[in-house]
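Residue strings, one per chain:
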Number of protein chains: 2
Amino acid sequence: MDFGTVLEAMRPDLKRVEDRLLEETALEYPLVGDILRGLIGAGGKRLRPLLVLLAARAFNYDLDRLVPAAAGIELLHTASLIHDDSIDHAELRRGQPTLNSVLPPEVVIMVGDYMFARSAMLAASTMNPRVLAVFANCLGSICDGQLREIFAARRADVSLDDYQRRIYGKTAALFAGSAEIGAILGDATDKEIDALRRYGGHLGMAFQIVDDVLDLRESTDHIGKPAGHDLRQGTVTLPTMLFLQNRLGDASSLALVEHVLTESAPGDHEVAAAVLAIRRSGAIEQAIELAWQYVEQAREALEAIPEGETRDMLAALAEHAVERHY
Amino acid sequence: MDFGTVLEAMRPDLKRVEDRLLEETALEYPLVGDILRGLIGAGGKRLRPLLVLLAARAFNYDLDRLVPAAAGIELLHTASLIHDDSIDHAELRRGQPTLNSVLPPEVVIMVGDYMFARSAMLAASTMNPRVLAVFANCLGSICDGQLREIFAARRADVSLDDYQRRIYGKTAALFAGSAEIGAILGDATDKEIDALRRYGGHLGMAFQIVDDVLDLRESTDHIGKPAGHDLRQGTVTLPTMLFLQNRLGDASSLALVEHVLTESAPGDHEVAAAVLAIRRSGAIEQAIELAWQYVEQAREALEAIPEGETRDMLAALAEHAVERHY
């Protein structure tokens, strides 16, 4: 099954999540509602809500229970992006101006907090304490990942273990939680819930590695935010780590990449040259290979759930995480 | 009963909340854990945890259920202070340096988020969906109050209704939620839960009015943060509103206070003169009178719960909200 078929089949159900999300942007503060509608309306891929739905679909698939949870997860993700963009001073997200490029920082912090609150209200509306515990833990993991990223910034000596812990917190934990919440609300068995949680975690790791690759591989127009952003921020991602640790360039390119990473305000031409050196080194291909290993682990985790259409859809989603180009 | 007696009686139970809170500061990020221990250890008055406990004490008083909820509420409050101080660029809180005076803004935002997450985990550990819904709503109300405050800043034409909505969101909603959560966990009836929620809301209104009064009435040393801070930030609080609306000064002091409020960077001597004009005008006494009216409504709400020691303790807490000097 290919991912386009999955999206086609799930479109009506995802539309319900979309409508629920837009309800949350009806805020009466000046400017805020409009910008949020822009941010949420611009979409993003809705992979996390899709995961909530698919994780339940092999079991008891009750959209009235699932839609608020799926919308809550996506809103939690959106709230974390708002604070993340504010920290990174990012100007573009999903090709749209970020909140922090238009509103003062104090408003951005509070709007992010407010979105956290609304996401928690959506999760609370499931009235399922286990769902809420997973939800709260996801928020904790995201912050933990972000703090690790902040404290590791401008350091070239990051280990693979550090990187994995950081991206698990920042990204994979919410994928794991999305699948876990879907399975809980679908009344799956504990064994199946655990398998889907592991599936989501592996999928999330693959997804973040590819995100880090795209930041180096694609043009600004293509990914809707400036290319080489991680490098410019001093964040070591997997391709950069492989480039440095496996010494995949000559002495001068290695020195250049280290310089760009550790320098507090590297020049545009230095960043561009560092991106090019990493692109040509084979580091990107090595990183993609590791992402495929996570997809393989995700597929293995799926063996614990019943064979059938939904399992094929989940497998297609895992492959899409690596095959995507934006 | 006086408030000292209440505190004495509740000390061992509050100590358990304190210990639970300190567990939450054991973070492994550089500097963060120590500063949080300073912030949480410096105390604050723990009125919200006290309220959670007292609201249950007239019913089924089970500390194993109550302590995580009470710690969760206090941590939610602490998280909101972290973001609030970061927005206000405050340097002191509870007489201690704020996080944002020591750490870069991106760390402060994330540590605040992380504390929200930990507070939600504590609330989730009650496994009570109703408690969690109240908890999520409280966070939403706090953000709503903060956003209202931000958007009303540097405007002298604030109405009493605006002010009441703002301080309900910013402060009273969490007092209401604390009492409601205590009553829910104490297995009170719906009527009693509702009465305690109303009691908490009135108490919170009185508390915030007095906080706003203290900002004008007391010296920096006494309240652990700079006096006249609200005025300097362009925030109209009740005494200032009464001063302006009831024209409690001569034309030049009225003009001075309006100038300080609307000016983006008023001078220190202007702020001090404006504080003095409001202090001498009788506006503070009028504000305190309104605070006593809220205490009276809080006492009336208590009539719906059983007579006895706990009800007397709650009444003493309401009086303390106005009689306190810091």
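Keep in mind the model is a prediction, meaning the values are calculated, not measured.

1. A few points about the overall build of chain A
Then step 1. Counting its secondary structure elements, chain A contains 15 helices and two strands.
Then step 2. By principal-axis analysis of the C-alpha atoms, chain A measures approximately 60 × 50 × 30 Å.
Then step 3. Looking at chain A as a whole, 59% of its 326 residues qualify as buried.
Then step 4. Relative to all contacts within chain A whose residues are 6 or more apart in sequence, the contacts with residues 24 or more apart total 76%.

2. Quick look at the interface of chain A and chain B
Then step 1. Chain A puts 36 residues into the contact, and the matching count from chain B is 36 residues.
Then step 2. Carbon and sulfur atoms make up 82% of the surface buried where chain A meets chain B, a total of about 3,300 Å² over both sides.
Then step 3. Our enumeration of links across chain A and chain B arrives at zero salt bridges.
Then step 4. Here chain A and chain B share two residue pairs in polar contact (both at pLDDT 80 or more) between them.
Then step 5. Looking at the side of chain A that touches chain B, the elements with two or more residues in it are α4 (63-88), α5 (105-124) and α6 (129-152) of chain A.

3. Looking at the pattern of salt bridges
Then step 1. All told, the structure shown has 42 salt bridges over all chains when counted by the stated rule.
Then step 2. A salt bridge links B:R299 to B:E319, with the shortest nitrogen-to-oxygen separation between them at 3.0 Å. Residue B:R299 is found in helix α14 (residues 283-301), and its partner B:E319 is found in helix α15 (residues 309-323); the two are separated by 20 residues along the sequence.
Then step 3. Since its relative accessible area comes to 27%, B:R299 is described here as partly exposed.
Then step 4. B:E319 gets classed as partly exposed once you look at its relative accessible area, which sits at 24%.
Then step 5. Sharing partners across several salt bridges, the network here consists of A:R20, A:E23, A:E24 and A:R118.

4. So, the packing of α5(A) against helix α6 (residues 129-152) of chain B
Then step 1. It is at 8 Å that the axes of α5(A) and α6(B) come closest, and there the two elements cross at 160°. Viewed along their axes, α5(A) and α6(B) adopt a mutual orientation that is roughly antiparallel. Crossing of α5(A) over α6(B) shows left-handed handedness. On α6(B), the residues that touch A:E106, A:V107, A:M110, A:V111, A:D113, A:Y114, A:A117, A:A120, A:M121 and A:A124 of α5(A) are B:L132, B:A133, B:A136, B:N137, B:L139, B:G140, B:C143, B:D144, B:Q146, B:L147, B:I150 and B:F151.
Then step 2. Residues that form the contact of α5(A) with α6(B) fall into these classes: 16 nonpolar, three polar and three charged.

5. A word on the packing of helix α2 (residues 32-41) of chain A against α4(A)
All names here are of chain A.
Then step 1. Following both chains from N to C, one finds α2 and α4 inclined at 115°, their axes separated by 11 Å at the closest point. Between α2 and α4, the angle is such that the two are roughly perpendicular. In this structure, α2 meets α4 at a crossing whose hand is right-handed. Side by side, α2 and α4 meet where L36, L39 and I40 of the first sit next to L75, T78 and I82 of the second.

6. Notes on the nonpolar core
Then step 1. Residues A:L196, A:Y199, A:I209 and B:Y199 are the most contacted members of the largest nonpolar core, which totals 238 residues.
Then step 2. Setting aside chain neighbours within four positions, we find A:I209 in contact with A:Y163, A:I167, A:L238, A:A287, A:L290, A:A291 and A:Y294.

7. Regarding the confidence of the model for chain A
Then step 1. Taken over all residues, the pLDDT of chain A has a mean of 92, while the share at 70 or more is 97%.
Then step 2. Summarising per-element confidence for chain A, the mean pLDDT is lowest in helix α9 (residues 220-223) of chain A (60) and highest in helix α3 (residues 47-57) of chain A (98).

8. A look at the packing of aromatic side chains
All names here are of chain A.
Then step 1. Applying the stated criterion to the full structure yields two aromatic pairs over all chains.
Then step 2. Considering the side-chain rings of F175 and F207, the 5.1 Å spacing of their centres and the 40° angle between planes classify their relative orientation as tilted. One end of the pair, F175, is in helix α7 (residues 160-185); the other, F207, is in helix α8 (residues 190-217), and 32 residues separate them in sequence. Just as F175 is buried, F207 falls in that class too.
Then step 3. Sitting over the face of the ring of F207, R324 holds its NZ or CZ atom 3.8 Å from the ring centroid.

9. Overview of the relation of the copies chain A and chain B
Then step 1. Structural alignment of chain A on chain B gives an RMSD of 0.0 Å, achieved by rotating through 180° and translating 0.0 Å along the axis. Here the copies are linked by what is in effect a two-fold axis. By C-alpha distance to the rotation axis, the residue of chain A lying nearest is A:P129, at 2.8 Å.
Then step 2. Residue by residue, 100% of the interface of chain A is reproduced at the interface of chain B, so both copies engage with the same surface.

10. Examining the environment of A:L290
Residue and element names in this part refer to chain A.
Then step 1. The residue L290 is located in helix α14 (residues 283-301) in this model.
Then step 2. Through-space distance from the C-alpha of L290 to that of L238 is 9.3 Å; in sequence the pair is 52 residues apart.
Then step 3. Once residues within four sequence positions are removed from consideration, L290 is found in contact with L160, I209 and L238.

11. Describing unusual backbone geometry
Residues and elements named next belong to chain B.
Then step 1. Unlike most non-glycine residues, R46 shows phi in positive territory, near 55°.
Then step 2. Relative to the helices and strands, R46 is located in the loop between α2 (32-41) and α3 (47-57).
Then step 3. When its relative accessible area of 7% is taken as the criterion, R46 is described as buried.
Then step 4. In this structure, R154 is a non-glycine residue whose phi angle is positive, near 60°.
Then step 5. Structurally, the position occupied by R154 is in the loop between α6 and α7 (160-185).
Then step 6. For R154, a relative accessible area of 25% translates into the label partly exposed.

12. What to know about helix α13 (residues 268-279) of chain A
Residue and element names in this part refer to chain A.
Then step 1. In this model α13 runs 16 Å from its N-terminal to its C-terminal C-alpha over 12 residues, within 8% of the 16 Å that 1.5 Å per residue would give.
Then step 2. Residues V271, A274, V275, A277 and I278 constitute the buried set of α13. All buried residues of α13 fall inside an arc of 160° around its axis, so they share one side. Counted as exposed and oriented over 90 degrees from the buried face of α13: D268 and H269.
Then step 3. Looking at the buried side of α13, the elements it contacts are α8, α10 (229-232), α11 (238-245), α12 (251-262) and α14.

13. Regarding the state of the cysteines
All names here are of chain B.
Then step 1. By the definition in use, this model includes zero disulfides over all chains.
Then step 2. C138 takes part in no disulfide bond, and the closest cysteine sulfur, belonging to C143, lies 11 Å away.
Then step 3. Taking the relative accessible area as the measure of exposure, C143 reaches 1% and is therefore buried.

The rules behind these values
Residues numbered from 1 in each chain as written. Chains lettered and ligands numbered in written order. Predicted model: local features only at pLDDT ≥ 70, side-chain atom pairs only at ≥ 80, totals over all residues. Heavy atoms only, no water. Helix = DSSP H or I, 4+ residues; strand = E, 2+ residues; numbered from the N terminus. Buried < 20%, exposed > 50% of the residue type's maximum accessible area, 1.4 Å probe, protein only. Contact = heavy atoms within 4.5 Å. Buried area = accessible area lost by both parts, 1.4 Å probe. Salt bridge = Lys/Arg side-chain N within 4 Å of Asp/Glu carboxyl O. Polar contact = N/O pair within 3.5 Å; in protein donor to acceptor, adjacent residues only side chain to side chain. Axes fitted to C-alpha atoms, helices over the stretch in contact; angles between N-to-C directions. Parallel < 35°, antiparallel > 145°, perpendicular 65-115°, else oblique. Left-handed = near helix turned anticlockwise from the far one by under 90°. Nonpolar A, V, L, I, M, F, W, Y, C, P; charged D, E, K, R; others polar. Core = buried A, V, L, I, M, F, W, Y, C linked by side-chain atoms within 4.5 Å. pLDDT = per-residue confidence, 0-100. Phe/Tyr/Trp six-rings, centres within 6.5 Å; stacked < 30°, edge-to-face > 60°. Lys NZ or Arg CZ within 6 Å of the ring centre and 35° of its normal. Least-squares fit on C-alpha atoms with pLDDT ≥ 70 in both. Expected span 1.5 Å × (residues − 1). Arc of directions from axis to C-beta. Disulfide = S-S within 2.5 Å.

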